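# Breakdown of the fold
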Amino acid sequence: MLEAAGLTAIEETVYRLLVGTATASAQEIADGTGLPRDSVEAVLAALRGKGLASPTDRDPLHYAAVPPDVALLPRLQRNADALDKARTAVTDLLDSYRSTRRRHDPGQLIEVITGAEALRQHLRQMQDNACHEMLWFCKAQYVAMPSGSNRAEYDALARGVRYRVLYEQAFFDDEGAVDNVVEGVRAGEVARSVPHLPLRLAVADRAIAICPLVPGGPQGSPQVATAALVRGSSLLEALISLFERYWETAVPLKVSASGGVEGTDGVVDADPLTETDRRLLSLLVAGVADKAIASQMGLSRRTVQRHIQHMMTLAGADTRMQLAWQAARRGWL
C-alpha cells in the first residue's frame, strides 16, 4: 500500500512492525516477520537510507520507526509534485504529437460523424470536457438535440464554463423553445438573437468544433445526420471568427419579470437613449477623449463613464468599439 511513497513490500512490512513497537532488534524483527536475519538487516539499512528508521542506543542494536508524518508525507508530496510535472510533460508531448500528425494527416484535423446518436454523444463529450467557454449557433428544427434536452450545458455552467449562444429568430417557433432559453439564461447562459444563422455550430474552448455538413434529423431532411468534428486549424479559426462576427451584431436576449424573453425577433428595440446619451455617444464615436467630452458637456469624467457603461449595457457591448457598432446598427447616431 505504500508503494506510492517508494517502499517495497518487504520494507513496508518491516516499517509497520517498527511502528507497532517502541524499538526492535534485527533478530526480533526476523522472528516477528519470518524473514531471514540477513534480509532484515538489508531492509533496515534501506529504511535508514530512506529516513524511515533510526538506530537507538540500546545494546544489542535496536531500531525505532521515524514518525509517518515526518517520514512519509514529504515523500508523498514530492512524488505528487513529480507526477504533476510528468503529467504536464506528457500533455506537451501529446500536443506536439497531435500537431505533427495533423500536418501530415488531414484525418487528424477533420473527422466525419454520422448519425444523430453519434452526434449527440460527441456534443455531450465536448461539453463535459470544456474548461472555459462554449460557443453555439442554434438554428430552428433540431438535428440531434431537441430544445431543452442538452442537460450537459447546466453541468458545465455549474462548474464555471461560460456559454455564449446565438439563436436565430425561427428557433423560437419550436415548441417549448422560449421556456428552455429562459432556463438557460437564468442558469448563466449569455444569449443573443439574430434574424438568421448560416449554419449550426458548437465550439469548445476554441480548440474543437462540431458543424453539421448536411441537413437531417427528426425535423430536418430525411437524410442521415452528418457532421464534421474540426480540430485546431485555419478552418476552426474561420468558424470562430464567423461566430464572433454574428455575435457583435446580435441583439441580447433578456428574461422579463413575467418569464418571457425579450429580443427573440432579432430586431433592435426603439431608441432608449436620452438626448444627453446621444450627444455623448456622437462625441465618443468621433474619437473625443473622456476628459474632453466631460469638459464640452459640463459633466464630470465619472458621469461620462457612467453614461458610457449604461449604453454598453443597453447594447450588450463588451467594448467601446462594439458600442459604436451597435449604435450605428440600432440607429442611435
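Residues numbered from 1 in each chain as written. Predicted model: local features only at pLDDT ≥ 70, side-chain atom pairs only at ≥ 80, totals over all residues. Heavy atoms only, no water.

Within the protein, the regular secondary structure consists of 13 helices and 13 strands. Within the protein, buried positions represent 38% of all 333 residues. Contacts spanning at least 24 positions in sequence make up 66% of the contacts within the protein whose residues lie at least 6 apart. Of the roughly 18,000 Å² that the protein leaves accessible, carbon and sulfur atoms contribute 54%. (Helix = DSSP H or I, 4+ residues; strand = E, 2+ residues; numbered from the N terminus. Buried < 20%, exposed > 50% of the residue type's maximum accessible area, 1.4 Å probe, protein only. Contact = heavy atoms within 4.5 Å. Areas by Shrake-Rupley, 256 points an atom, 1.4 Å probe, with all protein chains shown as cover.)

Here we take up the pattern of salt bridges. Close approach of charged atoms allows side chains with opposite charge to pair. Enumeration over the complete set of coordinates arrives at 14 salt bridges. Close ionic contact of Glu133 with Arg164 constitutes a salt bridge, the shortest N to O distance being 2.9 Å. Remark: Arg164 occurs in strand 6 (residues 162–168) and Glu133 occurs in strand 5 (residues 133–138); sequence separation between them is 31 residues. For Glu133, a relative accessible area of 12% corresponds to the buried category. Judged by its relative accessible area of 6%, Arg164 falls in the buried class. Its salt-bridge partner being Glu244, residue Arg206 comes within 2.5 Å of it at the nearest N-O pair. Note that Arg206 is positioned in the loop between strand 8 (201–204) and strand 9 (208–214) and Glu244 in helix 9 (residues 234–249), a separation of 38 residues in sequence. (Salt bridge = Lys/Arg side-chain N within 4 Å of Asp/Glu carboxyl O.)

Across the interface, helix 10 (residues 275–285) lies against helix 13 (residues 320–330) with an axial gap of 11 Å and an inter-helix angle of 120°. The two elements helix 10 and helix 13 cross, and the hand of that crossing is left-handed. Touching Leu281, Leu284 and Val285 of helix 10 are Arg320, Leu323, Ala324 and Ala327, all from helix 13. Each residue belonging to the contact of helix 10 with helix 13 can be placed in one class, and the counts come to six nonpolar, no polar and one charged. (Axes fitted to C-alpha atoms, helices over the stretch in contact; angles between N-to-C directions. Left-handed = near helix turned anticlockwise from the far one by under 90°. Nonpolar A, V, L, I, M, F, W, Y, C, P; charged D, E, K, R; others polar.)

Here we take up the sheet that holds strand 11 (residues 251–252). On the basis of which strands lie adjacent, the open sheet formed by eight strands has the order 4-10-9-8-5-6-7-11 and mixed pairing. Edge positions in the sheet fall to strand 4 (110–114) and strand 11, since each has one partner strand and no second. By the bridge criterion, five bridges tie strand 4 to strand 10 (residues 226–231) in an arrangement that is antiparallel. Looking across to strand 10, one finds that Glu111 is bridged to Leu229. Contacts between helix 6 (residues 116–129) and the sheet are confined to strand 4, strand 5, strand 6, strand 8, strand 9 and strand 10, with strand 9 contributing the most and set at about 160° to the helix. Sheet strands touched by helix 9: strand 4, strand 5, strand 6, strand 7 (190–194), strand 8, strand 9, strand 10 and strand 11. Its angle to strand 6, the strand with the most contacts, is close to 70°. (Pairing = 2+ DSSP bridges.)

This next bit is on the sheet that holds strand 1 (residues 24–25). With respect to topology, three strands assemble into an open sheet ordered 1-3-2, the strand pairing being antiparallel. At either margin of the open sheet sits one strand with a lone partner, and together these are strand 1 and strand 2 (53–55). Set on the sheet, helix 1 (residues 9–19) makes contact with strand 1, strand 2 and strand 3 (62–65); between it and strand 3 the angle comes to about 90°.

Neither face of strand 8 is left uncovered, since the one carrying Leu201 and Val203 and the one carrying Ala202 and Ala204 both have all their residues buried. In terms of strand pairing, strand 5 meets strand 8 through four bridges, oriented antiparallel. Looking across to strand 8, one finds that Met134 is bridged to Ala204. Following strand 8, the chain reverses through three residues before pairing antiparallel with strand 9; Asp205 in that reversal takes a positive phi of roughly 55°.

Here we take up the packing of aromatic side chains. The geometry of an aromatic ring pair is captured by the separation of the ring centres together with the interplanar angle, meaning the angle of the planes. Applying the stated criterion to the full structure yields six aromatic pairs. Ring centres of Phe137 and Tyr246 lie 5.7 Å apart, and the angle between their planes is 70°; this geometry places the pair in the edge-to-face category. Taken together, the residues span a long stretch of sequence, with Phe137 in strand 5 and Tyr246 in helix 9 at a distance of 109 residues. Residue Tyr246 is classed as partly exposed on the basis of its relative accessible area, which comes to 24%. Ring centres 5.6 Å apart and planes at 90° place the aromatic pair Phe171 and Phe172 in the edge-to-face group. Overall, Phe171 belongs to the buried group, its relative accessible area being 8%. (Phe/Tyr/Trp six-rings, centres within 6.5 Å; stacked < 30°, edge-to-face > 60°.)

On to unusual backbone geometry, then. Omega for the bond connecting Asp59 with Pro60 falls within 30 degrees of zero, at 5°, which places this linkage in the cis form. For Pro60, the location among the structural elements is in the loop between strand 2 and strand 3. Of note in this structure, Asp205 is not a glycine but carries a positive phi near 55°. One non-glycine residue, Arg206, adopts positive backbone phi at about 55°. You can call Arg206 partly exposed: its relative accessible area is 39%.

Counting residues in hydrophobic clusters, the biggest one holds 31 residues, and the most contacted among them are Leu119, Leu123, Met134, Trp136, Tyr163, Tyr167 and Ile210. Counting residues per element, the ones that place at least two in this core are helix 6, strand 5, helix 7 (152–158), strand 6, helix 8 (177–187), strand 8 and strand 10. Leave out the neighbours within four places in its chain, and Tyr163 touches Gln127, Met134, Trp136, Ala152, Glu153, Ala156, Leu157, Glu189 and Val190. Judged by nonpolar contacts, the second largest core, of 19 residues, contains Leu7, Ala24, Leu52 and Leu72. (Core = buried A, V, L, I, M, F, W, Y, C linked by side-chain atoms within 4.5 Å.)

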